[in-house]
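Residues per chain, in single letters:
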Amino acid sequence: MGFDNAVTYSRRQNLHALVLFAALFAIIFLLHIPLLRLPYFWDEAGYYIPAARDLLFSGSVIPHSTVSNAHPPLVMAYLALCWKIFGYAPLVTRTAMLAMAAFTLAGVYRLAEGLANSVVALLATICALLYPVFFAQSTMAHIDLAAAGLTIWGLVSYFENRRANAAFWFCLAVMAKETAVLAPLALCAWECLCPLFASKLDFPCTRRLNRTTGWLLLPVLVLAAWYGYHYSQTGYIFGNPEFFRYNVKATLNPLRIFLALLMRVWQVFGHMNLLFLTLAAGYAMWRPALRDADQERPRIAVENQLALGTVVLAYLLAMAMVGGAVLARYMLPVVPLIIIVFVSTVWRRLRNWKVFIAIALAGFALALVTNPPYGFPPEDNLAYRDYVLLHQQASAFIEQRFPTARVLTAWPGSDELTRPYLGYVSRPAKVVRIEDFSAEQVMAAADFNSSFDVIFVFSTKYTPGTTLLDRSGIWRQWNEQFFGYHVDVPPNVAAQLLGGRLVFSDERNGEWVGVIEMERAYVAKAVTSPSNDRNTF
């Protein structure tokens, strides 16, 4: 291809990517309209929004209103820039993150099209869009989806043999989240192993260790530079000591690593009805390839499949060893890779592939609005909306009825009540914080009940009741020891334990909130102003 033709081709590709991005953004914006004005949820409220606001108002990439976790600042800087231009509001934040989601989906399409064809690309992009974890995270101010999008675009450039471009995207990815360094390191490892696998499995190896492999190590240097700067400003490298202990030191137990690995495998192959697509691909592997015009439908090249597999394996192993919370969003960089390969397999081998893909999409849509029969974080589907709406109601009730009360609660309720910019209250409340709403913590709070007037209790995770695993004493023990499992005391029980009066409660799809008024506060208030609130029991 001549230079002029190459420039024309490049411009055509860029225009195609821009049109694709615009179309995807329009689609997902319309699908997410009911979610765009929701207040901030969980880790958004606890770290990412405060960190981005600190950058907006002070220009510092090291947050000061919350303890630094040493996460690179790219996403926070992106949000701060959007707020600077369009104003600070949840609508701006969530629209900005939707743009990042559309960017990610455009990368999924481009990667699948390059590895397979446009049919597989379209199907894989729709599957990724409807995958509940991706859909829910698309509006949330977390760093994982941005890291996924930048990583996927790095893979696009890598498979197009544009190493400098790949290094650029991977460098941006590690500045979104440090764990994104796993992808370029895995590709380096693959280029070392490719000749060995090629000789064993008899396929041509076009990517092997050479001088251009060095481009893949550039993100390591960028990440090292960020950690060096963070150390110079804070005195620690990998986040504050408690963050490092929770996410690294406390996780390096062989049994915990094994259990976390099982959970990671489930998240990549089964979680939120991804199992339907996995089973369809597994069934397809028993079938011969279909033929079009006397030719077998093409597969994704074995070399490329193994390269993707190396990246997936790197994430599975690394994310089993680090990360105190085994969250599904941490695997977002690799789930689209699995979707691409599985969709390609189903399309290539099953004559009724449309039915199988339709079943997989229906499974994703169902999992988006209904909860699975096991515990999971609400952020993995639209359960997070139920959580936010419940907390809005409870916070508004507390602010209206107990404007000067001292409120006992746990994180993130403590942040919701003390930081008005999160969208729950108009002025900060006085908060006494406990760790959680386990029976032990609630009973301990009874020993200093003179220090609070009102209790705000809520479910900290979705639990469907007693499951088969819960009946296993050893699993419950492991879950409590390694993954912070506890049972939240419901509002009526908490009121009895603390000698209070339940004055507000609500429940949505297995999640609940409650506001408990201590009796002494009730008597004092009753003398001054009778209540006319219809939610009073």
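Residues numbered from 1 in each chain as written. Predicted model: local features only at pLDDT ≥ 70, side-chain atom pairs only at ≥ 80, totals over all residues. Heavy atoms only, no water.

What follows is about the pairing of strand E4 (residues 430-434). Taken together, the 5 bridges between strand E3 (residues 406-410) and E4 define a ladder with parallel strand orientation. Considered in E4, the bridge of Arg406 is made with Lys430. At this point the chain moves from E3, through helix H18 (residues 413-418), to the parallel E4, and the crossover so formed is right-handed. (Pairing = 2+ DSSP bridges. Helix = DSSP H or I, 4+ residues; strand = E, 2+ residues; numbered from the N terminus. Right-handed = clockwise from strand over helix to strand, strands pointing away.)

With that settled, consider the pattern of salt bridges. On inspection of all chains with the given rule, the structure shows 16 salt bridges. In this structure, Glu44 and Arg94 form a salt bridge, with 2.9 Å as the shortest nitrogen-oxygen distance. Pair noted here: Glu44 is in helix H2 (residues 43-58) and Arg94 is in helix H4 (residues 90-115), with a separation of 50 residues, a long-range link. Classification of Glu44 as buried rests on a relative accessible area of 0%. (Salt bridge = Lys/Arg side-chain N within 4 Å of Asp/Glu carboxyl O. Buried < 20%, exposed > 50% of the residue type's maximum accessible area, 1.4 Å probe, protein only.)

Attention shifts here to the state of the cysteines. Under the defined criterion, the tally for this structure stands at 1 disulfide. Note on cysteine connectivity: Cys194 is disulfide-linked to Cys205, with sulfurs 2.2 Å apart. Here the residue Cys194 occupies a position in helix H9 (residues 182-201), and Cys205 occupies one in the loop between H9 and helix H10 (218-234), the gap between them amounting to 11 residues. When its relative accessible area of 0% is taken as the criterion, Cys194 is described as buried. Under the relative-accessibility criterion, Cys205 is labelled buried at 13%. A disulfide-free cysteine, Cys171 has its sulfur positioned 12 Å from the sulfur of Cys188, the nearest such atom. Between Cys188, a cysteine without a disulfide, and Cys192, which holds the nearest cysteine sulfur, the sulfur-to-sulfur distance is 7.1 Å. (Disulfide = S-S within 2.5 Å.)

Tracing the backbone shows Thr151 in helix H7 (residues 144-159). You can call Thr151 buried: its relative accessible area is 1%.

Our focus in this paragraph is the environment of Phe25. Position of Phe25 relative to the elements: it lies in helix H1 (residues 3-32). Not counting residues up to four positions away in its chain, the partners in contact with Phe25 are Thr95, Leu98, Ala99 and Ala102. (Contact = heavy atoms within 4.5 Å.)

For the pair helix H8 (residues 163-176) and H10, interaxial distance at closest approach is 8 Å and the crossing angle is 30 degrees. Comparing the axis directions of H8 and H10 gives the class roughly parallel. By crossing handedness, the relation of H8 to H10 is classed as right-handed. Here Ala167, Phe170, Cys171, Val174 and Met175 of H8 lie close against H10, whose contacting residues are Leu218, Pro219, Val222, Leu223 and Trp226. Class assignment of the residues belonging to the contact of H8 with H10 gives a composition of 10 nonpolar, no polar and no charged. (Axes fitted to C-alpha atoms, helices over the stretch in contact; angles between N-to-C directions. Parallel < 35°, antiparallel > 145°, perpendicular 65-115°, else oblique. Left-handed = near helix turned anticlockwise from the far one by under 90°. Nonpolar A, V, L, I, M, F, W, Y, C, P; charged D, E, K, R; others polar.)

Once that is clear, we can look at unusual backbone geometry. Keep in mind that most residues, glycine aside, have a negative phi and that most peptide bonds are trans. With omega at 5 degrees, the peptide bond leading from Trp411 into Pro412 counts as cis. Among the secondary structure elements, Pro412 is positioned in the loop between E3 and H18. Positive phi outside glycine occurs at Asn273, with the angle close to 65 degrees. Phi at Asn509 is positive, roughly 50 degrees, even though this residue is not glycine. For Asn509, the location among the structural elements is in the loop between strand E6 (500-508) and strand E7 (511-518).

Glancing now at the pairing of strand E5 (residues 454-458). By the criterion of burial, E5 is predominantly enclosed, with 5 of the 5 residues buried. Here E5 shows two buried faces, one formed by Val454, Phe456 and Phe458 and the other by Ile455 and Val457. Bridge analysis of E3 against E5 gives 2 bridges, and the strand direction is parallel. Bridge pairing in E5 places Leu408 opposite Ile455. With 5 bridges connecting them, E5 and E7 associate as antiparallel partners. Paired with Val457 across the strands is Gly514, a residue of E7.

Below, the discussion takes up a nonpolar patch on the surface. Taken together, the side chains of Trp266, Leu275, Phe276, Leu279, Val355 and Ile359 make up a nonpolar region of the molecular surface, amounting to roughly 530 Å² of accessible area. Elements with a minimum of two residues in the nonpolar patch: helix H13 (274-284) and helix H16 (353-369). Here Val355 is to be found in helix H16. (Patch = residues over 30% accessible without salt bridge, like charges linked within 9 Å, V, L, I, M, F, W, Y side chains within 5 Å. Areas by Shrake-Rupley, 256 points an atom, 1.4 Å probe, with all protein chains shown as cover.)

So, about the sheet that holds E3. Hydrogen bonds between backbone groups are what pair the strands of a sheet, and the pairing can be parallel or antiparallel. Taken in spatial order, the 5 strands line up as E4-E3-E5-E7-E6 in an open sheet, and their pairing is mixed. The strands lining the two open edges of the sheet, one partner per strand, are E4 and E6. Across the sheet, the axes of successive neighbouring strands diverge by a mean angle of 20 degrees, strand direction being ignored.

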